[in-house]
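Observations on the model geometry
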Amino acid sequence: MSVLDDIIVGVKEDLQERKSAVSTLQLRDIAAAQPGPRDAYAALGGADNPRSRLQVIAEVKRKSPSKGSLAEISDPAVLAGRYEAGGAAVISVLTEQRRFGGSLQDLDAVRATVDIPLLRKDFTVDAYQVLEARAHGADLILLIVAALSDAQLSELMGLSHELGMNVLVEAHTVEEVERAAAAGARIIGVNVRNLKTLDVDRSVFGTLAATVPSGTLIVAESGVRDVADVEQFAAQGANAILVGEALVQHNNPTETIETFSRAGAAVIEQRTAEGATHD
């Protein structure tokens, strides 16, 4: 059994407990009562907007299967506020409990504090989780192609759009990029971490990003340690980077986001200038 498979087994077990506490019908009513979702697609640049900067999705992340404990985050709302102050376009909140130490309560706390779009970062395999995301104020959800059949991917994307949310569709291979595109994904995340082995290979990003259809927003996921990584991903076509570990382990995440944003903008400006010269 791969790491991804093992995580999903736990996710499904925990999901059954929540389903027994709150029915799908109740959850739909709670979701419907929420204020309208924020437009995460527009916040990340949107296909029709000029790409003048590299957007940052800043993640509230306590631990991971690969690194164990990363940071003691006693108040995720305070951290999220620092992210927003640094110019983060979207805040990602991990809600998986067993491997990442997250919760829906973290999502609630962040939603009550910041006014930018929120990504519920979890291993979504059931429509109930999509409803949960909206009921707890998420504007964007993650769907991992490797964890879903084409039918499941289509169903969960459809429900997300019905609820007004955007979807970040994560791929790890060229075949998964093709499946994401075929499902109509407008935001594709290229994860350079192999979820079966947890190994990171940053060279994967450029290869996969080159296969993403034009007009699709591309998010570089995992592996962002420093400015050099930011510059690499920006040069290879990223519209946004998703950063967790490098922020939660830094004494000043606000400054780190600002630094990463400037570094990405400089690369994009250079690429734009070179493109104009060649024209």
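In the block above lies the structure referred to throughout.
Now for a quick tour of the structure. Here the structure is a predicted model, which means the values were calculated and not measured. (Residues numbered from 1 in each chain as written. Predicted model: local features only at pLDDT ≥ 70, side-chain atom pairs only at ≥ 80, totals over all residues. Heavy atoms only, no water.)

1. Details of the pairing of strand β1 (residues 55-60)
Worth spelling out the cut-off: A 1.4 Å probe rolled over the protein chains alone gives each residue an accessible area, and that area as a share of the maximum for its type sets the label: buried under 20%, exposed over 50%, partly exposed in between. Strands here mean DSSP runs of E at least two residues long; helices mean DSSP runs of H or I at least four residues long; both are numbered from the N terminus. Any two strands between which DSSP finds at least two bridges are classified as paired.
Among the six residues in β1, six count as buried, and that is most of the element. What you see with β1 is no split at all: Q55, I57 and E59 on one side and V56, A58 and V60 on the other are buried throughout. Strand direction decides the pairing type here: β1 and strand β10 (residues 240-243), joined by four bridges, are parallel. Within β10, the position partnered with I57 by the bridge is L242. For β1 and strand β4 (residues 90-94), the ladder comprises four bridges, and the chain directions are parallel.

2. Here's the deal with the packing of aromatic side chains
Basically, it comes down to this: Pairing of aromatic rings covers Phe, Tyr and Trp, the last through its six-membered ring, and needs centres within 6.5 Å; plane angles under 30 degrees mean stacked, over 60 mean edge-to-face, and all others mean tilted. Remark: a charge is flagged as sitting over a ring if the NZ atom of Lys or the CZ atom of Arg is within 6 Å of the ring centre and within 35 degrees of the ring normal.
Per the stated rule, a full pass over the model turns up two aromatic pairs. Measuring from centroid to centroid gives 5.8 Å for F100 and F123, while their planes differ by 35°, and the two rings are tilted. Pair noted here: F100 is in the loop between β4 and α5 (104-111) and F123 is in the loop between β5 (118-121) and α6 (127-135), with a separation of 23 residues, a long-range link. Over the face of the ring belonging to Y41 we find R186, whose NZ or CZ atom lies 3.6 Å from the ring centre.

3. Brief notes about the environment of G137
Convention followed: The contact definition used throughout considers only heavy atoms, calling two residues in contact when any of these lie within 4.5 Å.
Tracing the sequence through the fold places G137 in the loop between α6 and β6 (140-144). When its relative accessible area of 2% is taken as the criterion, G137 is described as buried. Ignoring sequence-local partners within four residues, the contact set of G137 consists of Q34, R111 and L118.

4. Details of helix α10 (residues 227-235)
Operational definition: Note: the arc covers the axis-to-C-beta directions of the helix. N or O atoms closer than or at 3.5 Å make up a polar contact, with two conditions inside protein: a donor-capable atom paired with an acceptor-capable one, and, for residues adjacent in sequence, both atoms drawn from side chains.
The complete set of buried residues in α10 reads D229, V230, F233 and A234. Each buried residue of α10 sits inside an arc of 130° when the element is viewed along its axis, so together they form one side. Sitting at the amino-terminal end of α10 is D226, which places a side-chain oxygen 3.2 Å from the backbone nitrogen of A228. Looking one or two residues past α10, G237 carries a phi angle of roughly 110°, positive in sign.

5. Thoughts on the packing of α6 against helix α7 (residues 150-162)
For the record, the criterion: Interaxial angles span 0 to 180 degrees and are taken between N-to-C directions of axes, which are lines fitted to C-alpha atoms, for helices over the stretch in contact. Should an angle fall under 35 degrees it is taken as roughly parallel, and over 145 as roughly antiparallel, whereas 65 to 115 is taken as roughly perpendicular and any remaining angle as oblique. Crossing handedness is read from the near helix: turned anticlockwise from the far helix by less than a right angle, it gives a left-handed crossing, and turned clockwise, a right-handed one. Polarity classes work like this: nonpolar for Ala, Val, Leu, Ile, Met, Phe, Trp, Tyr, Cys and Pro, charged for Asp, Glu, Lys and Arg, and polar for all others, with Gly in that last group.
Taken N-terminus to C-terminus, the directions of α6 and α7 make an angle of 25°; their axes are 10 Å apart at the nearest point. Classified by the interaxial angle, the pair formed by α6 and α7 is roughly parallel. Read as a crossing pair, α6 and α7 show a hand that is right-handed. Of the residues in α7, those touching α6 at A127, V130 and L131 are E155, L156, L159 and S160. Each residue belonging to the contact of α6 with α7 can be placed in one class, and the counts come to five nonpolar, one polar and one charged.

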